[in-house]
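If you want the building blocks of each chain, they are given just below.
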Amino acid sequence: MRVACFIPVFNQIYELPTVLKELRETDLPCEAVLFINNGSNDGSERLIAESGFDRIDVPQNMGVGYACMSAIEWSTERGFDVLVGIAGNGKMLPSEMHRVIDPILRGEADYVTGSRFLAGGDSPNLPSFRRNSIPMVNRFVKILIGRTLTDATCGYRAYKLDIIKRAAFDWRASWLNTYGFEYYLYAKALREPSIRCLEVPITMRYPTKGKRYSKIKPFKGWYEMLKPWVIARFDGRGFNPDRASQFSSLK
């Protein structure tokens, strides 16, 4: 299977050099790396343009969900089978990319997410707010979706693009442009019996205390992250089995 990696970036001038350095120094288990420059204007756009990696330049920041949609379209048009996403803020290690991809390549899973809380995972400098709030989100997901997760908010994830081809819902809907897309798709995958979802241990590293570690806006951002789980539970939309092809033949 052909694997593509995408990295959304919005004004990450301080973190991006480390990301680029680690990408170049790592034997990546993917065929292509695609940067989605989401309207950066702090110099990140120049670093991406000069990096030599594939890129899509979005004139203004449309949100991480929009970046995901753009990466899916780009990868599908080029015949890729698996898409993996990592953050452009340096929290995720390119050297651990194989952890989320390998279970798919071995035929053990269709959708894989990382977990900093599983044995073998780590989260240096994890802020206390995140340490306390993530278990609450996990319980929220358990109540709504009926699945037990150890790290429902982790953005280090990979999945078969055939899942998107089977979607019987509008995965390009504008309300998914921000944080909604990742969580809505994940919730739908968790609720679909034919999609094998798996958590694997990864590292999420945070800056030292006092430095900004997230662009998520309080209240508004949290709402945008929790809303997709509720809608996915009650909107009655899922996947169309008539579109199953190679996906349904894998055991």
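Given the structure is predicted, the values throughout are model-derived calculations rather than measurements.

Here we take up the overall build of the protein chain. Within the protein chain, the secondary structure is distributed over 9 helices and 7 strands. Relative to the 2.2 N^0.38 estimate, which gives 18 Å for 251 residues, the radius of gyration of the protein chain is 17 Å and therefore close to what a compact globule would have. Dimensions along the principal axes, computed over C-alpha positions, put the protein chain at roughly 45 × 40 × 35 Å. Counting only residues that meet the buried cut, the protein chain has 52% of its 251 residues in that class. Restricting to contacts in the protein chain with at least 6 residues of sequence separation, those with at least 24 account for 80%. For the protein chain, the accessible surface area stands at approximately 11,700 Å², while carbon and sulfur atoms represent 52% of it.

Further remarks concern the sheet that holds strand E2 (residues 32–38). The 7 strands are arranged E3-E2-E1-E4-E6-E5-E7 in an open sheet whose pairing can be described as mixed. Whereas interior strands pair on both sides, the edge strands pair on one side only; in this sheet they are strand E3 (54–58) and strand E7 (197–201). Within this sheet the neighbouring strands show an average axis-to-axis angle of 20 degrees, counted without direction. Taken together, the 3 bridges between strand E5 (residues 111–115) and strand E6 (residues 157–160) define a ladder with antiparallel strand orientation. Note that in E6 the partner of Tyr111 across the bridge is Tyr159. Across the sheet, helix H3 (residues 64–77) touches strand E1 (3–9), E2, E3, strand E4 (82–85) and E6, and the angle it forms with E2 is around 145 degrees.

Here we come to the nonpolar core. Tyr111, Tyr159, Phe181 and Trp229 are the most contacted members of the largest nonpolar core, which totals 45 residues. Put simply, the parts of the chain that give this core at least two residues each are E1, E2, H3, helix H5 (128–145), helix H6 (162–166), helix H7 (180–191) and helix H8 (220–234). Among the elements that line this core, the one with the most residues is H7, at 8 residues. Every residue in contact with Trp229, bar those within four places of it in the chain, is listed here: Phe140, Val141, Leu144, Ile145, Leu149, Ala152, Tyr183, Tyr186, Ala187 and Leu190.

Most of E1 is tucked away, with 7 of its 7 residues classed as buried. Here E1 shows no split at all, with Val3, Cys5, Ile7 and Val9 on one side and Ala4, Phe6 and Pro8 on the other all buried. By the bridge criterion, 6 bridges tie E1 to E2 in an arrangement that is parallel. In the sheet register, Ile7 faces E2, and the bridge partner there is Phe35. Each parallel crossover has a hand, and for E1 linked through helix H1 (residues 16–25) to E2 it is right-handed.

It is worth spelling out the pattern of salt bridges at this point. Tallying each qualifying case throughout the model produces 14 salt bridges. One salt bridge in this structure joins Lys160 and Asp110, with 2.7 Å as the shortest N-O distance. Here Lys160 is found in strand E6, whereas its partner Asp110 is found in the loop between helix H4 (97–105) and E5, with 50 residues between them in sequence. Judged by its relative accessible area of 1%, Asp110 falls in the buried class. Look at the salt bridges and you will find they share partners, linking Asp110, Lys160 and Arg196 into a network.

This part is about the confidence of the model for the protein chain. Taken over all residues, the pLDDT of the protein chain has a mean of 91, while the share at 70 or more is 90%. Of the regions scoring below 50 in pLDDT, residues 245–251 engages in 12 contacts with residues more than four places distant in sequence or in other chains.

Further remarks concern H1. Those residues of H1 lying buried are Leu16, Val19, Leu20, Glu22 and Leu23. Axial view of H1: buried residues confined to an arc of 165 degrees, hence all on one face. Exposed side of H1, more than 90 degrees from the buried face: Arg24 and Glu25 are the residues found there. Buried residues along H1 sit in contact with E1, E2 and helix H2 (44–51).

Conventions we followed
Residues numbered from 1 in each chain as written. Predicted model: local features only at pLDDT ≥ 70, side-chain atom pairs only at ≥ 80, totals over all residues. Heavy atoms only, no water. Helix = DSSP H or I, 4+ residues; strand = E, 2+ residues; numbered from the N terminus. Rg over C-alpha atoms; globule rule 2.2 N^0.38 Å. Buried < 20%, exposed > 50% of the residue type's maximum accessible area, 1.4 Å probe, protein only. Contact = heavy atoms within 4.5 Å. Areas by Shrake-Rupley, 256 points an atom, 1.4 Å probe, with all protein chains shown as cover. Pairing = 2+ DSSP bridges. Axes fitted to C-alpha atoms, helices over the stretch in contact; angles between N-to-C directions. Core = buried A, V, L, I, M, F, W, Y, C linked by side-chain atoms within 4.5 Å. Right-handed = clockwise from strand over helix to strand, strands pointing away. Salt bridge = Lys/Arg side-chain N within 4 Å of Asp/Glu carboxyl O. pLDDT = per-residue confidence, 0-100. Arc of directions from axis to C-beta.

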